[in-house]
Number of protein chains: 2
Amino acid sequence: MDHERIAVLAHEKFPDRAKTALGVMRYGDQDVCAVLDRDCAGDRVRDHVPDVTDAPIVESFDEAYAAAGGDVDALYIGISPIGGGFDESWRPDVEAAIEAGCDVVSGLHYFLNEDNELAELAAEHGVDLFDVREPDDDLTVATGGSGDVDADVVCTVGTDCSVGKMTASLEVVAAARERGIDAAFVPTGQTGIMIAGWGNPIDRVVSDFTAGAVEDMLVAVGDDRDLLVVEGQGSIVHPAYSAVTCGILHGSMTDGLVLCHAAGREAVHGYESFSLPPLADYVDLYEGLAAPVNEASVVAGALNTKDVDDDDAAADAVAAFGEEIGTPAADPVRDGAEAIVDGIVGAGLGAAAPDGGTDGE
Amino acid sequence: MDHERIAVLAHEKFPDRAKTALGVMRYGDQDVCAVLDRDCAGDRVRDHVPDVTDAPIVESFDEAYAAAGGDVDALYIGISPIGGGFDESWRPDVEAAIEAGCDVVSGLHYFLNEDNELAELAAEHGVDLFDVREPDDDLTVATGGSGDVDADVVCTVGTDCSVGKMTASLEVVAAARERGIDAAFVPTGQTGIMIAGWGNPIDRVVSDFTAGAVEDMLVAVGDDRDLLVVEGQGSIVHPAYSAVTCGILHGSMTDGLVLCHAAGREAVHGYESFSLPPLADYVDLYEGLAAPVNEASVVAGALNTKDVDDDDAAADAVAAFGEEIGTPAADPVRDGAEAIVDGIVGAGLGAAAPDGGTDGE
């Protein structure tokens, strides 16, 4: 999956409810030539989001194609309705993209490849439909292979879902690269996969193969890098999703943990009868659970302060958070991830092997 | 899945490598009218296994059918080769069973329902093929519903795979019933499902739905019982399978834990480079991880002493194990599970609600 110029579908949801679209625009290597949103067609991206590359917002794929002078490689579905279904109002755009020779990339539960009309049209036009939520069918159980890769491994772990683990991971990779560390992002969810252009959607993998699907990724790229930052999912005490979290933790055989939290969050998102335990308990739980498979400490914290309006209050919250977990901390969006990389490097992680690499390189 | 009279296929593997066959014979409610094993055809079950109901061992399904005077409801596949494939040498027996009007029950990875020849034959004869490793397709995420069932919930948790969690669970249910407690077994693996006649194969469920698939079972039966004993899987520090373990722990919202261990086990089975942590660490990890979702203590221990030859040495090992984890303990096979039930009852679990039930009953 390697597209240089893409259009992003975000009908009626750009920008606030178009998390995938924004993620790709902010962190992907792809050049976004247009955003499809019939509700704000005619605006520019810059009118709504200041910190990403500007592009026109258009009504349809045909308009995007025209605006890009026909130089488009793929249409990315940048939104996901509750339930992950396919909205029939998108079909003309998807068909137009296929007919124009573009691949289509989707993170929906609804698989485009299982839609006979779209699959036939794609075959006819020689383009690929990428359903990034569909795991490879050759995944299997973990063997402990993640422990053998040359790269150091850091995993972002959360106090809850939706606290910013993907963003923290991507910002850490960017900041580490700034510092000359050969770092790579290892995606585990559909948005991360669409940004990175590869990866296994861990939450869709059979539970027996959860750790194995993580290992599969680390083994694929781990000998070519000095630092891998594995995108965490859920939380180890989540009433519904902890299995995914646990499989990523052990499958990655991580060397370091970045604890991610959202300022002010006190109960599990969507499961409000479950209170979040104290931050110190998370440190103990993640470290205690990691240790028998591979020793790992919490080396830094990432605090999401998007619900804190004031910069001073946010800085105070970050300072208090770092103090509570006993590591460097930052809001990677507000502050950048330098302090988090300080924690990683301070723990001895991310340096190239002293001999300049091993036989695996 | 409700069969009264069954034949069990165990070709070339009865009894020592026929774990599923033995489990069904020992714990299932089904009446086993014959075992198929061409290697020891002509023997009796009693010649090999002293403590289960006797039955003839025969060469083929046709012989089993004749021996049972045609009174057979189903053929159970009681063995599972490495990899879970279907051995073509079994096909004549499976076909003969279908042609005789019998259902066929299988825990193989290879799904009988996806074998066109067998599926067509079954349709023609109006019988069902049960692939117990295939999860229901209507499973979804957990909602926390396990916390609302009337029954108290106990989960067997292990220091490793293959330490006897299923056996401990079944023995605890039997011993609790002896004591007048309305207890039920909640199966999570294929052998448990074949024994119980229902259940979700948790290791085959998509990781996002792991906890939900457990909840689905508890909600289905939890209001009709005083005690549910949930079969655990793997171990919370297993390099490959911990996701399954974690999903069962949180999905069951268990009230009590029975820690299961195999005497003498020092490293992860099949992953010998990973040492098992001290027993006290398991207690801390399981209790610490359970608490944010539902408070639960280790209330008893089950030690598998099958590799300890001497009864005195086994008793010493059980005593040392119980002392180390600070609870009553037993080898449920050698000693029965009374001491384990003591621990469960001593923790206040398994008693009927004082008012004789709630509106859910």
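Residues numbered from 1 in each chain as written. Chains lettered and ligands numbered in written order. Predicted model: local features only at pLDDT ≥ 70, side-chain atom pairs only at ≥ 80, totals over all residues.

Student: So what exactly am I meant to see when it comes to the sheet that holds strand E1 (residues 5–9) of chain A here?
Tutor: To summarise the sheet geometry, strands pair through backbone hydrogen bonds and adopt either a parallel or an antiparallel arrangement. Residues and elements named next belong to chain A. Pairing is parallel across the open sheet formed by 6 strands, whose spatial order is E3-E2-E1-E4-E5-E6. A strand with exactly one partner marks an edge of an open sheet, and here the two such strands are strand E3 (57–58) and strand E6 (129–131). The sheet contact formed by E1 and strand E4 (residues 74–77) spans 4 bridges and is parallel. Across the sheet, Leu 9 pairs through a bridge with Ile 77, a residue of E4. (Pairing = 2+ DSSP bridges. Helix = DSSP H or I, 4+ residues; strand = E, 2+ residues; numbered from the N terminus.)

Student: Help me understand the packing of helix H7 (residues 210–221) of chain A against helix H8 (residues 242–252) of chain A in this model?
Tutor: Helices that pack against each other are described as a pair by the angle of their axes relative to one another and the distance between those axes. Residues and elements named next belong to chain A. Running from N to C, H7 and H8 point in directions that differ by 45°, and their axes come no closer than 7 Å. With respect to H8, the axis of H7 lies oblique. By crossing handedness, the relation of H7 to H8 is classed as right-handed. Mapping the contact onto sequence places Thr 210, Ala 211, Gly 212, Ala 213, Val 214, Glu 215 and Leu 218 in H7 and Ala 243, Val 244, Gly 247, Ile 248, His 250, Gly 251 and Ser 252 in H8. Looking at the contact of H7 with H8 residue by residue, the class counts come to 7 nonpolar, 6 polar and 1 charged. (Axes fitted to C-alpha atoms, helices over the stretch in contact; angles between N-to-C directions. Parallel < 35°, antiparallel > 145°, perpendicular 65-115°, else oblique. Left-handed = near helix turned anticlockwise from the far one by under 90°. Contact = placed C-beta atoms within 7 Å. Nonpolar A, V, L, I, M, F, W, Y, C, P; charged D, E, K, R; others polar.)

Student: What am I meant to see in the relation of the copies chain B and chain A here?
Tutor: A rotation about an axis combined with a shift along that same axis relates the two copies of the chain. Once chain B is rotated about the relating axis by 180° and shifted along it by 0.0 Å, it coincides with chain A to within an RMSD of 0.0 Å. Given the turn and translation reported, the copies of this chain are related as if by a two-fold rotation axis. Looking at chain B, 100% of its interface residues are interface residues in chain A too, so the copies touch through the same face. (Least-squares fit on C-alpha atoms with pLDDT ≥ 70 in both.)

Student: Is there a simple way to think about the domain arrangement of chain A in this case?
Tutor: Quite often, the size of an interface is put as the accessible area lost when its parts meet. Residues and elements named next belong to chain A. By the assigned domains, chain A splits into domain 1 (5–131) and domain 2 (145–346). Each of domain 1 and domain 2 has a C-alpha centre, and these two points are 28 Å apart. The element contributing the most residues to the side of domain 1 that touches domain 2 is helix H1 (residues 19–27), with 5 residues. (Domains from an automatic or database assignment.)

Student: What should I look at first to understand the interface of chain B and chain A in this one?
Tutor: Taken residue by residue, the interface counts 34 residues in chain B and 34 residues in chain A. Looking at the side of chain B that touches chain A, the elements with two or more residues in it are helix H7 (210–221), helix H8 (242–252), strand E12 (271–275) and helix H9 (279–290) of chain B. A total of 6 residues in the side of chain B that touches chain A trace back to one element, the largest contributor, which is H8(B). A breakdown of the residues in the side of chain B that touches chain A according to their chemical character gives 21 nonpolar, 9 polar and 4 charged.

Student: I'm lost on the confidence of the model for chain A in this one. Help?
Tutor: In regions of low pLDDT, the predicted coordinates are not meant to be interpreted in detail. Residue and element names in this part refer to chain A. Per-residue pLDDT for chain A averages 95, and the proportion of residues at 70 or more is 98%. Between residues 355–361, whose pLDDT stays under 50, and residues either more than four places distant or in other chains, the model counts 9 contacts. For this predicted complex, the interface confidence score (ipTM) comes to 0.93, while the overall pTM stands at 0.94. (pLDDT = per-residue confidence, 0-100.)

Student: What's the story with the environment of B:Phe321 in this structure? I'm lost.
Tutor: Residue and element names in this part refer to chain B. Inspection of the secondary structure assignment puts Phe 321 in helix H10 (residues 311–325). Judged by the 21 C-beta atoms lying within 10 Å of it, Phe 321 falls in the buried class. It is 33 Å that separates the C-alpha atoms of Phe 321 and Val 205, two residues lying 116 residues apart in sequence. (Buried ≥ 20, exposed ≤ 12 C-beta atoms within 10 Å, placed from the backbone.)

Student: Would you mind showing me how to read unusual backbone geometry here?
Tutor: Apart from glycine, the bulk of residues carry a negative phi angle, and the bulk of peptide bonds sit in the trans form. The residue after A:Phe14, namely A:Pro15, is reached through a cis peptide bond having omega -5°. In this structure, A:Ser162 takes a positive phi of about 55° despite not being glycine. Within the secondary structure, A:Ser162 sits in the loop between strand E7 (152–158) and helix H5 (165–178). A:Ser162 gets classed as partly exposed once you count the C-beta atoms within 10 Å, which come to 14. Residue B:Glu12 is not a glycine yet carries a positive backbone phi of 65°.

Student: So what exactly am I meant to see when it comes to the packing of H8(A) against H8(B) here?
Tutor: Viewed as axis vectors pointing N to C, H8(A) and H8(B) meet at an angle of 155°, and their least axial separation amounts to 8 Å. Classified by the angle their axes make, H8(A) and H8(B) are roughly antiparallel. Viewed along their axes, H8(A) and H8(B) form a crossing whose handedness is right-handed. Counting all contacts with H8(A), which are made through A:Ser242, A:Ala243, A:Val244, A:Cys246, A:Gly247 and A:His250, the residues of H8(B) involved are B:Ser242, B:Ala243, B:Val244, B:Cys246, B:Gly247 and B:His250. Classifying every residue of the contact of H8(A) with H8(B) by side-chain character gives 6 nonpolar, 6 polar and no charged.

Student: In this structure, what is going on with the environment of A:Val105? I would like to understand it.
Tutor: Residues and elements named next belong to chain A. Position of Val 105 among the secondary structure elements: in strand E5 (residues 103–106). A count of 28 C-beta atoms within 10 Å places Val 105 in the buried class. C-alpha separation for the pair Val 105 and Asp 131, spaced 26 residues apart in sequence, amounts to 6.2 Å. Sequence-distant contacts of Val 105, defined by excluding residues within four places in its chain, comprise Met 1, Ala 74, Tyr 76, Ile 77, Phe 130, Val 132 and Met 194.

Student: Just checking my understanding: could you explain the sheet that holds strand E8 (residues 183–186) of chain B for this structure?
Tutor: Residue and element names in this part refer to chain B. The parallel open sheet is built from 6 strands, whose spatial order is E8-E9-E7-E10-E13-E14. Two strands close off the open sheet at either side, each with one partner strand: E8 and strand E14 (329–330). Against the sheet, helix H5 (residues 165–178) engages strand E7 (152–158), E8, strand E9 (227–230), strand E10 (256–262) and strand E13 (297–304), with an angle of about 165° to E8.

Student: Is there a simple way to think about the pairing of strand E2 (residues 31–36) of chain B in this case?
Tutor: Residue and element names in this part refer to chain B. The element E2 is extensively covered by neighbouring structure, given that 5 of its 6 residues are classed as buried. Of the pairings in the sheet, the one linking strand E1 (residues 5–9) to E2 comprises 5 bridges and is parallel in character. Residue Leu 9 lies in a different strand from E2, and its bridge partner there is Leu 36. Between E1 and its parallel partner E2, the chain crosses via helix H1 (residues 19–27), and the hand of that crossover is right-handed. (Right-handed = clockwise from strand over helix to strand, strands pointing away.)

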